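# Structure assessment
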Amino acid sequence: MNELLDLYRTMVRIRAFEDAAEAASQGGVSWGGAATDGVEVRVKGPLHLSTGQEGVAAGVCRHLHARDLLTSTHRGHGHTLAKGADPTKMMCELFGRASGYNGGKGGSMHIADFSVGMLGANGVVTAGLPIAVGAAHALKIRGEDAIAVSFFGDGAINRGPFLEALNWAQIYGLPVLFVCEDNRISATTQSAPMTAGEQAASARAQALGIPAVQVDGNDVQAVSEAARTLVGAIRAGGGPRLLHAQTYRLKGHVSVDPAKYRDPAELARALENDPIDRARARLQAQGLGTQAAQIEAEAREEIAAAVATAAAAPLPPAEAAYGDVVSIGEGAWT
């Protein structure tokens, strides 16, 4: 199997999913929270899309097994798909359907699939890191042949749990890979003016004694090679590692955010560096353009089917609202 074709398949599946989810969210909630009338709404609420960042998820997750554990972010569709989750169940969850991963009650930021080691997306910035570290510590105590991986954005490195997680992982030599998806913007603010130090994610890891590697996150083969080396070192008992992948978020903070705060020239340059376009050009140069086109068609067909299934699926019954609420008894807090 051609590795680049495999990586390309993962990337275009993610892109097809994100494009479909974005289209389904339009009209649900406008920027600022006001409802929009006259539009068929399938996803009621904005989504955090990973469009443009597919190379990082594909390159890292290629080297993970189902037994390996992963934590994600609020921008986690790509990681979840790359780890092996079912796109139909994911789309059902986005649509709020009973057949979704969380019964339609969790939505985009709470998808988890323990069967493939996906411990969950997380709406709290940096919250996935200590969860991954805790999971890695459990793996070490149990002597299990597995590692944990935590994806996070560049905005996370300025929050306390980043330092706490890396410090704990290094002290106890835990089998965990930290992956910084440096998309250069934290919500609606450029990250650079808020972050002291050059290559801060790597520098801060190295200050704690954690080996760190920087990579072009839009070069999926470079990400794959870096991840192969880092994951191999972790599996061999080398302790934690950090991968700093520089990429770019092509969409706004949420799916209905026009991102007018961003320089149009910057976006134009980023579009010329699209990871999927770069991989496609390499495949065409290898005489594999026909196979690449077939992969794209299959991805669109798969995701279109997921959308159709989600649109036809039933909503949760009203009584399901109380299904995950546990009573601890009257007077328990007194």
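Residues numbered from 1 in each chain as written. Predicted model: local features only at pLDDT ≥ 70, side-chain atom pairs only at ≥ 80, totals over all residues. Heavy atoms only, no water.

Attention now goes to helix H11 (residues 289–312). Between its first and last C-alpha atoms H11 spans 35 Å; for 24 residues at 1.5 Å apiece the expected length is 34 Å, and the two agree. All of the buried residues in H11 are Ala292, Ile295, Glu296, Ala299, Ile303, Ala306, Val307 and Ala310. Taken together, the buried residues of H11 touch helix H1 (3–25), helix H4 (87–94) and helix H10 (275–285). (Helix = DSSP H or I, 4+ residues; strand = E, 2+ residues; numbered from the N terminus. Expected span 1.5 Å × (residues − 1). Buried < 20%, exposed > 50% of the residue type's maximum accessible area, 1.4 Å probe, protein only. Contact = heavy atoms within 4.5 Å.)

With that out of the way, let us pick up the confidence of the model for the chain. Segments scoring low in pLDDT should not have their predicted coordinates read at a detailed level. For the chain, the average pLDDT comes to 91, and 94% of its residues sit at 70 or higher. Predicted confidence is poor over residues 29–35, with pLDDT under 50, and the contacts of this stretch with residues over four places away or in other chains come to twelve contacts. (pLDDT = per-residue confidence, 0-100.)

Let's shift gears to the environment of serine 115. Residue placement: serine 115 occurs in the loop between H4 and strand E2 (118–120). Overall, the relative accessible area of 60% leaves serine 115 in the exposed class. Separated by 170 residues in sequence, serine 115 and alanine 285 have C-alpha atoms that sit 38 Å apart. A polar side-chain atom of serine 115 sits 2.5 Å from a polar atom in the side chain of aspartate 113. (Polar contact = N/O pair within 3.5 Å; in protein donor to acceptor, adjacent residues only side chain to side chain.)

Judged by pairing direction, the sheet is parallel, and its six strands sit side by side in the order E2-E1-E3-E4-E8-E7 without closing on themselves. Since the sheet does not close on itself, it has two edges, and those belong to E2 and strand E7 (212–216), each with one partner. In this sheet, adjacent strand axes meet at a mean angle of 20° when their direction is disregarded. With two bridges joining them, strand E1 (residues 69–71) and E2 adopt parallel strand pairing. In the strand pairing of E2, threonine 71 is matched with glycine 120. Of the strands in this sheet, strand E3 (148–153), strand E4 (176–182) and strand E8 (241–246) touch helix H6 (residues 160–171), which is tilted by about 150° from E4. In the packing of helix H7 (residues 200–207) onto the sheet, the strands contacted are E4, E7 and E8, and the crossing angle to E8 comes to about 170°. (Pairing = 2+ DSSP bridges. Axes fitted to C-alpha atoms, helices over the stretch in contact; angles between N-to-C directions.)

Along its 16 residues, helix H8 (residues 220–235) runs 22 Å from first to last C-alpha, staying within 8% of the 22 Å computed at 1.5 Å per residue. Listed as buried for H8 are Val220, Val223, Ser224, Ala226, Ala227, Leu230, Val231 and Ile234. In the stretch just after H8, glycine 237 is the one whose phi turns positive, near 95°.

A separate point is the packing of H1 against H11. H11 packs onto H1 with a crossing angle of 35° between their chain directions and a minimal axis gap of 9 Å. For the pair H1 and H11, the sense of crossing is right-handed. Counted together, Leu5, Tyr8, Arg9, Val12, Arg13, Ala16, Phe17 and Ala20 of H1 and Gln291, Ala292, Ile295, Glu296, Ala299, Arg300, Glu302, Ile303 and Val307 of H11 form the full contact between these two elements. Of the residues belonging to the contact of H1 with H11, the class tally is eleven nonpolar, one polar and five charged. (Left-handed = near helix turned anticlockwise from the far one by under 90°. Nonpolar A, V, L, I, M, F, W, Y, C, P; charged D, E, K, R; others polar.)

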